[in-house]
Amino acid sequence: MKVGDLVKYNKEHSSRPGFDYCADWTGIIAPGDLPGTYKIYWATQHGVHVGEEGNAIYWQGLEVIGESRQSG
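From a predicted model like this one, the values you see are computed outputs, not experimental measurements. (Residues numbered from 1 in each chain as written. Predicted model: local features only at pLDDT ≥ 70, side-chain atom pairs only at ≥ 80, totals over all residues. Heavy atoms only, no water.)

**Observations concerning the nonpolar core**
By size, the foremost hydrophobic cluster in this structure holds nine residues: V7, Y9, C22, W25, I29, I40, W42, W59 and L62. Sorting the residues of this core by element identifies β1 (6-9) and β3 (38-44) as the ones contributing at least two each. Among all residues touching I40, those that are not within four sequence positions of it are V7, G27, I28, I29, H49, V50, G51, Y58, W59 and L62. (Core = buried A, V, L, I, M, F, W, Y, C linked by side-chain atoms within 4.5 Å. Buried < 20%, exposed > 50% of the residue type's maximum accessible area, 1.4 Å probe, protein only. Helix = DSSP H or I, 4+ residues; strand = E, 2+ residues; numbered from the N terminus. Contact = heavy atoms within 4.5 Å.)

**Digging into the side chain of H13**
Locating H13 in the fold gives a position in helix α1 (residues 11-14). Classification of H13 as buried rests on a relative accessible area of 12%. Ignoring sequence-local partners within four residues, the contact set of H13 consists of F19, C22 and G61.

**Focus on the environment of L62**
Looking at where L62 falls in the secondary structure, it is placed in strand β5 (residues 62-66). Residue class for L62 comes out buried when judged on its relative accessible area of 9%. In the structure, L62 is positioned 52 residues away from N10 in sequence and 5.3 Å away in space, judged by C-alpha atoms. Beyond its immediate sequence surroundings of up to four residues, L62 is in contact with M1, V7, K8, Y9, N10, I40 and W42.

Next comes the structure, spelled out in structure tokens:
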């Protein structure tokens, strides 16, 4: 995964008890404010949401549904 990729939570993540609310979320990976960190801007059934800033471990439970067209 890289900046600009379109993502969603995978079925394994969203089918866990208490996580069904995020099954329909779609997000885009963006650079974070600190070096080596990322944010995900989410579109949800309740509006938009900016995820917490984190590193690549932040991507656990996600799958790419559209790759960035950016080179490099």
